[in-house]
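Observations on the three-dimensional arrangement
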Amino acid sequence: MKNGNNTRLFINEVATRDGFQMESHFIPTDDKVALIDTLSGLGYAKIEVTSFTSPKAIPALRDGEEVMGRIARRPGVVYTALVPNVRGAERALDVKIDEFNIVMSTSETHNLSNLRMTREQSFSQLAGVIELAQRATVPVNVSLSCVFGCPMEGEVPLETVLGWIDRFAERGVAGITLCDTTGMAYPTQVDVLCKAVMERYPELDFTAHFHNTRAMGLVNSVAAVEAGVRRFDMSLGGIGGCPYAPGATGNVATEDVVHMLQCMGYDTGMDLDGLIHAAGEVGRLVQHELSSQLPRAGHRLTRHQPPADFAEIAERAAARSEGKEVRA
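Residues numbered from 1 in each chain as written. Predicted model: local features only at pLDDT ≥ 70, side-chain atom pairs only at ≥ 80, totals over all residues. Heavy atoms only, no water.

We count it as follows: UniProt positions are given in the numbering used here, feature names are shortened, and annotations may be inferred rather than shown by experiment.
The name given to the chain in an unreviewed UniProt entry is Hydroxymethylglutaryl-CoA lyase, with the source organism recorded as Variovorax humicola. Recorded in UniProt for the chain, the comment headed Sequence similarities (unreviewed entry) runs: "Belongs to the HMG-CoA lyase family."

Here is the structure:
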């Protein structure tokens, strides 16, 4: 039974940044531009186009400026990018980015391992990015990693998560993404954390970002919806991941989650057939099997032909019902 009551949800695509940066080969710029132009017409609220990290650090996204400059921007779609520092912010402003997405971890060990800085050093650097964005009137979203747990430290206390949200809220950011960076979240935890942060800061836009490392990505998405979250990061085909999560399978797959939410009666605004087609294109570009299920199985009500001898089977069944002898 559907229970979404047509509640509107907003879907963000991260495959073109979070996904492509994990791939072992460079996705050609023309293909990135063509894919993003396709995605722009599928109903997304936001597309994370690229990263303005140093090309030496992430060579897979070294064409960030060219991609941003060439895509056809559709009204109503927010084109965002990862901005790690003031230099990256300046590059992003040059190509008129719609939003800065800045990242740090709530786990000290993960932040040091991933960003080579302490949390305080990251915050100080990002404060400069926020100031630059505010002068340019560009909104800032903060993606907080490991809010549901760290693979090196274990649990991250809720008080720690709230404390970092407090500090960014004081800086005037527009939104916070709650990242299950290494797929450690579970549904009741998601419910508690999401309700706590939204109650504390109802004026902020909260986004949920789940990975499917332990096959709980879809159920965690439902838990977040039921807790009141209305914005979600997803990745076509389930590509992406984290180098600090052994066995990670990547982000939750856009097409799988959207299909589930639409079955439940939620209004995602998404073109599901278009997503399946786009996932196929992602598979072609990354040149490996995707973890998503929907492109293999089709929609829930996808029809299949009965067996070739179905008419004969039905005739024999009818004969048995009439008490007639059925010969082999």
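Details of the overall build of the chain
Note the threshold: Numbering of helices and strands runs from the N terminus; a helix is a DSSP stretch of H or I covering at least four residues, while a strand is a stretch of E covering at least two. We call a residue buried when its accessible area falls under 20% of the maximum for its residue type, exposed when it is over 50%, and partly exposed in between, using a 1.4 Å probe and counting protein chains only. Should any heavy atoms of two residues lie within 4.5 Å, those residues are counted as being in contact. The protein chains shown are the only cover counted for residues, whose accessible areas, like all others here, come from Shrake-Rupley with a 1.4 Å probe. Charge counting follows a simple rule: Lys and Arg are positive, Asp and Glu are negative, and His as well as the terminal groups are ignored. For charged residues, the charge sits on one atom: NZ in Lys, CZ in Arg, CG in Asp, CD in Glu.
Counting its regular elements, the chain contains 13 helices and eight strands. Dimensions of the chain along its principal axes, counting C-alpha atoms only, are 85 × 45 × 35 Å. Buried positions account for 52% of the 328 residues belonging to the chain. Residue pairs at least 24 apart in sequence account for 74% of intrachain contacts in the chain once pairs closer than 6 positions are excluded. For the chain, the exposed area adds up to about 15,000 Å²; of that, 51% sits on carbon and sulfur atoms. With 31 positive and 41 negative side-chain charges, the chain shows a spacing of 2 Å between the two charge centroids.

Looking at helix H5 (residues 108-115)
Along H5, the positions that sit buried rather than exposed are His110, Asn111 and Ser113. Looking at the buried side of H5, the elements it contacts are strand E4 (99-105), helix H6 (119-135) and strand E5 (140-145). With its phi angle positive at about 60°, Arg116 sits one or two positions after the end of H5.

With respect to the layout of surface pockets
Note the threshold: A pocket, in this scheme, is an open set of points on a 1 Å grid over the protein atoms alone with protein on both sides within 12 Å along at least 5 of 7 lines, while a cavity is a set where a 1.4 Å probe fits but cannot get out; residues line either one if an atom lies within 4 Å of a point. Grid points are joined across faces, edges and corners, and a volume is the space filled by probe spheres set on the points. Amino acid classes used here: Ala, Val, Leu, Ile, Met, Phe, Trp, Tyr, Cys and Pro are nonpolar; Asp, Glu, Lys and Arg are charged; the rest, including Gly, are polar.
Within this model, the largest pocket holds a volume of roughly 980 Å³. With four residues, the single largest contributor to the lining of the largest pocket is H5. Looking at side-chain class alone, the lining of the largest pocket contains 17 nonpolar, 21 polar and 10 charged residues.

Quick notes on the state of the cysteines
Selection rule: Criterion for a disulfide: a pair of cysteine sulfur atoms at a distance within 2.5 Å.
Evaluation of the coordinates by the stated rule reveals zero disulfides. Cysteine Cys146 shares no disulfide, and the gap to the nearest cysteine sulfur, in Cys150, comes to 4.8 Å.

Thoughts on the sheet that holds E4
The cut-off we apply is this: For two strands to pair, DSSP has to find at least two bridges joining them. To define axes, lines are fitted to C-alpha atoms, for helices over the stretch in contact only, and angles between the resulting N-to-C directions are given on a 0 to 180 degree scale.
In spatial order, the strands read E1-E2-E3-E4-E5-E6-E7-E8; together these eight strands close into a barrel with parallel pairing. Each neighbouring strand pair of the sheet contributes to a mean axis angle of 25°, computed without reference to strand direction. The sheet strands contacting helix H10 (residues 254-263) are strand E1 (10-13) and strand E8 (231-234), and the helix crosses E8 at an angle near 145°.

Describing the pairing of strand E3 (residues 78-82)
The buried fraction of E3 is high, at four of five residues. Of the pairings in the sheet, the one linking strand E2 (residues 46-51) to E3 comprises five bridges and is parallel in character. The residue of E3 that forms the bridge with Lys46 is Val78. Across three bridges, E3 lies against E4 in parallel orientation. If you follow Ala81 over to E4, its bridge partner there is Phe100.

A short note on the nonpolar core
Quick note on the threshold: Put simply, a nonpolar core is a bunch of buried Ala, Val, Leu, Ile, Met, Phe, Trp, Tyr and Cys residues held in one set by side-chain atoms that sit within 4.5 Å of each other.
Counting 92 residues, the largest nonpolar core has Phe100, Ile165, Phe168, Ile176 and Leu178 as the members making the most contacts within it. With seven residues, the single largest contributor to this core is helix H11 (residues 272-286). The contact partners of Leu178, leaving out residues within four places of it in the chain, are Leu144, Val147, Phe148, Ile165, Leu193, Cys194, Val197, Phe206, Thr207, Ala208 and His209.

Topic: the pattern of salt bridges
Put simply, the rule is: Just to be clear on terms, a salt bridge is a Lys or Arg side-chain nitrogen sitting within 4 Å of an Asp or Glu carboxyl oxygen.
By the definition in use, this model includes 19 salt bridges. With a shortest N-O distance of 3.1 Å, Arg17 and Glu48 are connected by a salt bridge. With Arg17 in helix H1 (residues 15-19) and Glu48 in strand E2, this residue pair connects regions lying 31 residues apart in the sequence. Residue Arg17 is classed as buried on the basis of its relative accessible area of 9%. The class of Glu48 is buried, set by a relative accessible area of 4%. For Arg70, the salt bridge goes to Asp30, with nearest N and O atoms at 2.8 Å. You can see Arg70 sitting in helix H3 (residues 64-70) and its partner Asp30 sitting in helix H2 (residues 29-39), a full 40 residues away along the chain. For Arg70, a relative accessible area of 38% puts it in the partly exposed group.

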